[in-house]
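Inside the fold
Listed below, chain by chain, are the residues.
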Amino acid sequence: MLWTLLSIVVAFAELIAFMSADWLIGKAKPSSSEDVDNRTGGSQEPYHPTLGIYGRCTRISHMQFSRRDTLCGPYAENFNEIASGFWQATAIFLPMGIMILCTVAFVSVFTMCVQSIMKKSIFNVCGLLQGIAGLFLILGLILYPAGWGCQKAISYCGPYASAYKLGDCSLGWAFYTAIGGTVLTFICAVFSAQAEIATSSDKVQEEIEEGKNLICLL
């Protein structure tokens, strides 16, 4: 049961992290509506735009209403417009790992009642797939910082940004979530072996010998 829950959590965590624009938090930028503040006597606080693998968040000021909104969306309309070749590689490896994790998470729900297919343990197969997914995620996360020297990242992080150097940027929650999800992926792979042992317990074997074809583990 614990392995099933962790598998689902890891898949969703990695998916949300990949889709987020909060991978890099850019250097502080002044608001563009200084004229409004001069008239109203207010003070504009600087804001930090964020940049993801294929998306970004920035602030848009409405002069007539003295209102500021944050606009988030993809900066790349297609794969070739992703800012760096390293980020393009990340955009390949991460989704591959996430796709495997989502498949395992879906299958794991049914392992509470079905433990084998074609005489192969579902737990062992899923654990192997989670290990492979973890390798894809590691590759994507290693390649991602190599793209910090691209022109898009420099526009957010300043001229001192380069491969594996953040410049004036800081890492956002999405990057840390992706790392945490990768660690949990390998933990899930280990737990799958424990789940296999649990389903092979004496109690389960006794029920199988009694002729029960459907055994649910709660």
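Just above sits the structure.
First things first, this report covers the structure right here in the doc. Every value quoted in this text rests on a predicted model; they were computed, and no experiment measured them.

This next bit is on the environment of Ser155. Residue placement: Ser155 occurs in helix H5 (residues 151–157). On a C-alpha basis, the gap between Ser155 and Gly26 in space is 8.6 Å, while along the polypeptide they are 129 residues apart. At a separation of 2.5 Å, a polar atom in the side chain of Ser155 contacts the main-chain carbonyl oxygen of Lys152.

This part covers a nonpolar patch on the surface. A contiguous nonpolar surface patch, about 410 Å² in accessible area, is contributed by Tyr176, Ile179, Val183, Leu184 and Ile187. Relative to the assigned elements, Tyr176 resides in helix H6 (residues 173–199).

This part takes up the nonpolar core. Residues Trp3, Trp23, Leu24, Ile53, Trp87 and Tyr144 are the most contacted members of the largest nonpolar core, which totals 42 residues. Of all the secondary structure elements, the ones that give two or more residues to this core are helix H1 (2–19), helix H3 (85–110), helix H4 (122–143), H5 and H6. Sorting elements by how many residues they give to this core places H3 first, with eight residues. Contact partners of Ile53, with chain neighbours within four places excluded, come to Phe18, Trp23, Tyr75, Ile82, Trp87, Thr90, Ala91, Leu94 and Tyr144.

Looking now at the packing of aromatic side chains. By the definition in use, this model includes ten aromatic pairs. Plain terms: the ring middles of Trp87 and Tyr144 are 5.3 Å apart, the flat faces sit at 20° to each other, and that makes the pair stacked. Residue Trp87 is located in helix H3, and its partner Tyr144 is located in the loop between H4 and H5; the two are separated by 57 residues in the primary sequence. For the pair Trp87 and Tyr144, a shared accessibility class is recorded, and that class is buried.

Along the polypeptide, Ser20 turns up in the loop between H1 and strand S1 (24–25). Judged by its relative accessible area of 11%, Ser20 is buried. A polar side-chain atom of Ser20 sits 3.0 Å from the main-chain amide nitrogen of Asp22. What Ser20 contacts, discounting residues up to four positions off in sequence, is Gly52, Trp173 and Ala174.

Here we take up the state of the cysteines. Defined simply, a disulfide is a covalent bond joining two cysteines at their sulfur atoms. Across all of its chains, the model carries two disulfides by this definition. Through a disulfide, Cys57 is tied to Cys72; the S-S separation comes to 1.8 Å. Handedness of the Cys57-Cys72 disulfide follows from its S-S torsion of about 115°: it is right-handed. Within this pair, whereas Cys57 is found in strand S3 (residues 55–62), its partner Cys72 is found in strand S4 (residues 67–74), the two being separated by 15 residues in sequence. In this model Cys150 remains outside any disulfide bridge; the closest cysteine sulfur is found in Cys157, 8.6 Å from its own. Given the relative accessible area of 11%, Cys150 is considered buried.

Within the fold, Ser192 resides in helix H6. Using a relative accessible area of 3% as the deciding quantity, one classes Ser192 as buried. A distance of 2.5 Å separates a polar side-chain atom of Ser192 from the backbone oxygen of Ala189. Dropping the residues within four chain positions of it, Ser192 is found in contact with Trp3, Phe123 and Gly127.

About the criteria used
Think of each chain on its own: its residues are numbered from 1, step by step along the sequence as written. Owing to the predicted nature of the model, reporting of local features is limited to residues with pLDDT of at least 70; listing and counting of side-chain atom pairs is limited to 80 or more, with chain, interface and lining totals taken over all residues. Neither water nor hydrogens contribute to the side-chain values; these are computed over all heavy atoms in the structure. Helix and strand assignments follow DSSP, with helices taken as H or I runs no shorter than four residues and strands as E runs no shorter than two, numbered in order from the N terminus. As used in this structure description, the phrase polar contact means that two N or O atoms lie within 3.5 Å; if the pair is within protein, one of them must be able to donate a hydrogen and the other to accept it, and residues adjacent in sequence are counted only when both atoms belong to side chains. Like charges are joined within 9 Å and nonpolar side chains (Val, Leu, Ile, Met, Phe, Trp, Tyr) within 5 Å, but only among residues with over 30% relative accessible area and no salt bridge; these make up the patches. Surface accessibility follows the Shrake-Rupley procedure with a 1.4 Å probe radius. Residue values consider only the protein chains on display as shielding. A pairing counts as a salt bridge when a side-chain nitrogen of Lys or Arg comes within 4 Å of a carboxyl oxygen of Asp or Glu. We define a nonpolar core as any set of buried Ala, Val, Leu, Ile, Met, Phe, Trp, Tyr and Cys residues linked to one another through side-chain atoms lying within 4.5 Å. Three labels apply to residues, based on accessible area from a 1.4 Å probe with only protein chains included: buried if under 20% of the type maximum, exposed if over 50%, partly exposed otherwise in between. The contact rule is simple, with two residues in contact once any of their heavy atoms fall within 4.5 Å. When the centres of two rings from Phe, Tyr and Trp lie within 6.5 Å, Trp using its six-membered ring, the rings pair. Their planes under 30 degrees apart give stacked, over 60 give edge-to-face, and anything left gives tilted. When the sulfur atoms of two cysteines come within 2.5 Å, that pair is taken as a disulfide.

In short, the description is geometric, and any link to function would need to be established separately.
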